[in-house]
Amino acid sequence: MRNVLITGASRGIGAACAREFARNGDRVFINYNSSKAAAKKIATETGAIPVKADVSNFDEVNKMREIIGGYGRLDVLVNNAGISQIKMFTDITESDWDNMFSVNVKGMYLVTHAFVGDMIAAKRGKIINVSSMWGVTGGSCEVHYSASKAAVTGFTKALAKELGPSGINVNCVAPGVIDTDMNAHLGNDDLDALKNETPLMRIGTPEDVAKTVFFLASKNSEFITGQVLNVDGGMVI
Ligand code: NAP
């Protein structure tokens, strides 16, 4: 049974990943920050183990590492926890900028740093990071979000080169518009316009992303590393 940690798994894409890995027989750790009840509900439903940690907090991440370490070495890490914000660039404050990078970039660094040593020692492991199409193309009114997600792709490529000789695959997915709380602000007209811009003519589901993440953690992707896989219905081609 593989040990799989999914950060930000209380809701949305992370929760779908938790269900996908648990359904396939993995022992899943559901990391959450503020949505304790939601995390516990998914844990009960799937047999997964909820673990609280703000990924941007060094002490909380290391406490999470101790708890998970009690179950053995981590086989798969999915760095999914993330926040977004829509703002004109001229309105982005220093604290908006710092929050965005604390969770989306520093969080990924802290969690990866906490668990990668065991993967290196074992000479195997899979790390999948969740970027965004805006990290690839840049999104208007989301400069800080786009920059943080571009950092996720740079991190992925560099770490893949460094850890390849240690038998560790590091990849990322770049989702398009996915139906989660993160897009709850979009009205029906916005959603229709986005569907019309998408070659596959629909909004993505959290399960669309979860299945791709699962593939990147599976034996079917052993020779893939350092890649950014778009899961966006063809929005970015
Ligand atoms: P979501 O529904 O808003 O869920 C976000 C998740 O991240 C929640 O489980 C939340 O946990 C967790 N989280 C936030 N801050 C955290 C922190 N400091 N420590 C630990 N967990 C934290 O968002 P989503 O749409 O599923 O997004 C998941 C990932 O996909 C994000 O990285 C996002 O940028 C990326 N993405 C989403 C879309 C999209 O269209 N939805 C597109 C491209 C990329 P709590 O609720 O427990 O705090």
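Not measured: the values here are computed from a predicted model.

Asks: Could you clarify how one ought to interpret the overall build of the protein chain in this entry?
Replies: Tallying secondary structure elements over the protein chain gives eight helices and seven strands in all. Over its C-alpha atoms the protein chain spans a radius of gyration of 17 Å, differing by no more than 12% from the 18 Å that the globule rule assigns to 237 residues. Projected onto its principal axes, the C-alpha positions of the protein chain cover 50 × 40 × 35 Å. Out of the 237 residues belonging to the protein chain, those deemed buried represent 48%.

Asks: Sorry if this is basic, but what is going on with the confidence of the model for the protein chain here?
Replies: One rule of thumb: low pLDDT means the predicted coordinates there are not for detailed reading. Summary statistics for the protein chain give a mean pLDDT of 98 and a share of 100% for residues scoring 70 or more. For the protein chain, per-element mean pLDDT is lowest for helix 7 (residues 188-197), which scores 96, and highest for strand 5 (residues 125-130), which scores 99.

Asks: What's the story with the pairing of strand 4 (residues 76-79) in this structure? I'm lost.
Replies: Remark: a regular strand shows side chains that alternate across the two faces of the sheet. Because side chains alternate across strand 4, one face comprises the buried residues Val76 and Val78, and the other comprises Leu77 and Asn79, equally buried. Note: strand 1 (residues 3-6) against strand 4, three bridges, orientation parallel. Across the sheet, residue isoleucine 6 finds its bridge partner in strand 4, namely valine 78. Pairing geometry for strand 4 and strand 5, over four bridges, is parallel. Among the inter-strand pairings, valine 76 is bridged to a residue of strand 5, identified as lysine 126.

Asks: How should I be thinking about the environment of threonine 93 in this particular structure?
Replies: The residue threonine 93 is located in the loop between strand 4 and helix 4 (94-122) in this model. According to the relative accessible area criterion, threonine 93 is partly exposed, its value standing at 36%. Separated by 3.0 Å, the side chain of threonine 93 and the backbone nitrogen of aspartate 96 make a polar contact.

Asks: What should I look at first to understand helix 6 (residues 143-163) in this one?
Replies: Given 3.6 residues per helical turn, the α-helix brings residues three or four places apart onto the same face. The terminal C-alpha atoms of helix 6 lie 30 Å apart, and with 21 residues this matches the ideal 30 Å at 1.5 Å per residue to within 8%. For helix 6, the complete set of buried residues consists of His144, Tyr145, Ser146, Ser148, Lys149, Val152, Thr153, Thr156, Leu159, Ala160 and Leu163.

Asks: I would appreciate a short explanation of the site of the ligand in the present structure.
Replies: Taken together, 32 residues lie around the ligand, and Ser35, Asn80, Tyr145, Thr180 and Asn183 are the ones closest in. Between the ligand and serine 34 there is a distance of 2.7 Å, counted from an oxygen atom to a side-chain nitrogen or oxygen. In this structure, an oxygen atom belonging to the ligand sits 2.6 Å away from a side-chain N or O atom of tyrosine 145. Its free accessible area being 900 Å², the ligand has 95% of it covered by the protein chains. Elements with a minimum of two residues in the shell around the ligand: helix 1 (12-23), strand 2 (27-32) and helix 6. Among the residues making up the shell around the ligand, the classes are represented as 14 nonpolar, 14 polar and four charged.

Asks: What am I meant to see in a nonpolar patch on the surface here?
Replies: On the surface, Phe89, Trp97 and Val143 cluster together into a nonpolar patch covering about 280 Å² of accessible area. Tracing the backbone shows phenylalanine 89 in the loop between strand 4 and helix 4.

Asks: What is the right way to look at unusual backbone geometry in this model?
Replies: Across residues other than glycine, the phi torsion is negative in most instances, and most of the peptide bonds are trans. For lysine 123, which is not a glycine, the phi torsion comes out positive at approximately 60°. Within the secondary structure layout, lysine 123 lies in the loop between helix 4 and strand 5. If you check the backbone angles, methionine 201 has positive phi at about 60° while not being a glycine. On the secondary structure map, methionine 201 appears in the loop between helix 7 and helix 8 (206-216).

Asks: What is the right way to look at the side chain of serine 56 in this model?
Replies: Checked against the element boundaries, serine 56 lands in the loop between strand 3 (49-52) and helix 3 (58-69). The class of serine 56 is buried, set by a relative accessible area of 16%. A polar contact of 2.7 Å, which involves the side chain of serine 56, links it to the side chain of aspartate 54. What serine 56 contacts, discounting residues up to four positions off in sequence, is Ser102, Val103, Lys106, Gly107 and Leu110.

Asks: Got a minute to help me understand the pattern of salt bridges in this structure?
Replies: Side-chain pairing between opposite charges can occur once the charged atoms of the two side chains come close. Per the stated rule, a full pass over the model turns up 13 salt bridges. Linking arginine 124 and aspartate 75 is a salt bridge whose minimum nitrogen-to-oxygen distance equals 3.8 Å. Remark: aspartate 75 occurs in the loop between helix 3 and strand 4 and arginine 124 occurs in the loop between helix 4 and strand 5; sequence separation between them is 49 residues. By relative accessible area, which is 49% here, arginine 124 ends up partly exposed. Note that lysine 195 is salt-bridged to aspartate 192, the shortest N-O span being 4.0 Å. With a gap of three residues between them, lysine 195 and aspartate 192 both fall in helix 7, about one helical turn apart. Assessed through its relative accessible area of 30%, lysine 195 is described here as partly exposed. A residue is classified by how much of its surface remains accessible, and aspartate 192, at 39% relative accessible area, is partly exposed. Put simply, Glu20, Arg23 and Lys211 are held in one network by salt bridges that share partners.

Rules of the game
- Residues numbered from 1 in each chain as written.
- Predicted model: local features only at pLDDT ≥ 70, side-chain atom pairs only at ≥ 80, totals over all residues.
- Heavy atoms only, no water.
- Helix = DSSP H or I, 4+ residues; strand = E, 2+ residues; numbered from the N terminus.
- Rg over C-alpha atoms; globule rule 2.2 N^0.38 Å.
- Buried < 20%, exposed > 50% of the residue type's maximum accessible area, 1.4 Å probe, protein only.
- pLDDT = per-residue confidence, 0-100.
- Pairing = 2+ DSSP bridges.
- Polar contact = N/O pair within 3.5 Å; in protein donor to acceptor, adjacent residues only side chain to side chain.
- Expected span 1.5 Å × (residues − 1).
- Near = heavy atom within 4 Å.
- Areas by Shrake-Rupley, 256 points an atom, 1.4 Å probe, with all protein chains shown as cover.
- Nonpolar A, V, L, I, M, F, W, Y, C, P; charged D, E, K, R; others polar.
- Patch = residues over 30% accessible without salt bridge, like charges linked within 9 Å, V, L, I, M, F, W, Y side chains within 5 Å.
- Salt bridge = Lys/Arg side-chain N within 4 Å of Asp/Glu carboxyl O.
- Contact = heavy atoms within 4.5 Å.

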